[in-house]
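Structure at a glance
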Amino acid sequence: MQDPNANARLEALCDAVFAIAMTLLVIDLRVPDPASIHGAADLWAALRNDAPTLGAFLLSFTIIFITWVNHHAVIRSVPRTSARFLFANGFLLLTIAFIPFPTALLGQFVLSDRAAPAVVLYNSVLAAQAVAWILITRSALHDGLARDAEAQATLRRNEKSGYGALALYALLAIAAAWLPTVVAILTTATWIIWLVISLRAKHA
């Protein structure tokens, strides 16, 4: 008899990785050293210095949360599983688990003259995440895992979006070698757009 919830263990694993990655992001947010704070002005200055780290945290938290929402929708539309689908999800989890590292680099160096490697790496991870989405949707479609015709159409749209995201973040990663600050701003803007799209979308 077919397992009525074949992806239950996969979804549980993915939820755990998403939750851990989101939690690890906050580690780089540090309270200013009290010994260096002699008044409100010092504390405001310390908080301003920490603004890039906070910005990187908010950006990555948003990225991981949007990815989780989209992944939840995909899992709900795929009641069956296959080896290719499982390994494609594993690759997505790899990109999610790795995000805290480039986030820390981005927060530390984005406003410095050493920002380029951090922004290049950050967008490279986003490009890799797009590859993971392509693999997930292609494996689901190729192996006939979709719940129904509507789910198949949604997966095809997601695959096209994956190719678009891959092209976008690969180009941004290349451009970041010369224009890291501009690319960091553009990267943030793209995820604000993704957030708006996600808020308007209907998920199962």
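Residues numbered from 1 in each chain as written. Predicted model: local features only at pLDDT ≥ 70, side-chain atom pairs only at ≥ 80, totals over all residues. Heavy atoms only, no water.

Looking at the side chain of N7
Spelled out, the test is: For helices the rule is a DSSP run of H or I covering at least 4 residues; for strands it is a run of E covering at least 2, with both sets numbered from the N terminus onward. Polar contacts, as used here, are pairs of N or O atoms within 3.5 Å; protein pairs need one atom able to donate a hydrogen and one able to accept it. Residues neighboring in sequence count only if both atoms are side-chain atoms. In what follows, a contact means two residues having at least one pair of non-hydrogen atoms within 4.5 Å.
Turning to its location among the elements, N7 is positioned in the segment before α1 (8-24). Engagement of the side chain of N7 in a polar contact is seen with the backbone oxygen of V78, the distance being 2.6 Å. Non-local contacts of N7, meaning those with residues more than four positions away in its chain, are made with I75, V78, P79, R80, T81 and F85.

Some words on the confidence of the model for the protein chain
Operational definition: For every residue, the predictor states its confidence as a pLDDT score lying anywhere from 0 to 100.
Across the protein chain, the average pLDDT comes to 93, with 97% of residues at 70 or higher. Helix α6 (residues 115-142) holds the highest mean pLDDT among the elements of the protein chain, 98, whereas helix α2 (residues 40-49) holds the lowest, 90.

Looking at the pattern of salt bridges
For clarity, the cut-off: In the sections that follow, a salt bridge refers to a side-chain nitrogen of Lys or Arg positioned within 4 Å of a carboxyl oxygen of Asp or Glu. Classification of residues uses two cut-offs on accessible area relative to the type maximum, computed with a 1.4 Å probe and protein chains only: under 20% is buried, over 50% is exposed, and between them is partly exposed.
Here the structure, examined in full by the defined rule, presents 5 salt bridges. Across the pair E11 and R76 runs a salt bridge whose closest N-O atoms are separated by 2.9 Å. Here E11, found in helix α1, pairs with R76, found in helix α3 (residues 51-77); they are 65 residues apart in sequence, far enough to count as distant. On the basis of relative accessible area, E11 is assigned to the buried category, the value being 11%. Note on R76: relative accessible area 36%, which makes it partly exposed. Measuring nitrogen to oxygen at the nearest pair gives 3.5 Å for the salt bridge that ties D113 to R114. Relative accessible area serves as the criterion here: at 75%, D113 is assigned to the exposed category. Take R114: its relative accessible area is 53%, and that puts it in the exposed class.

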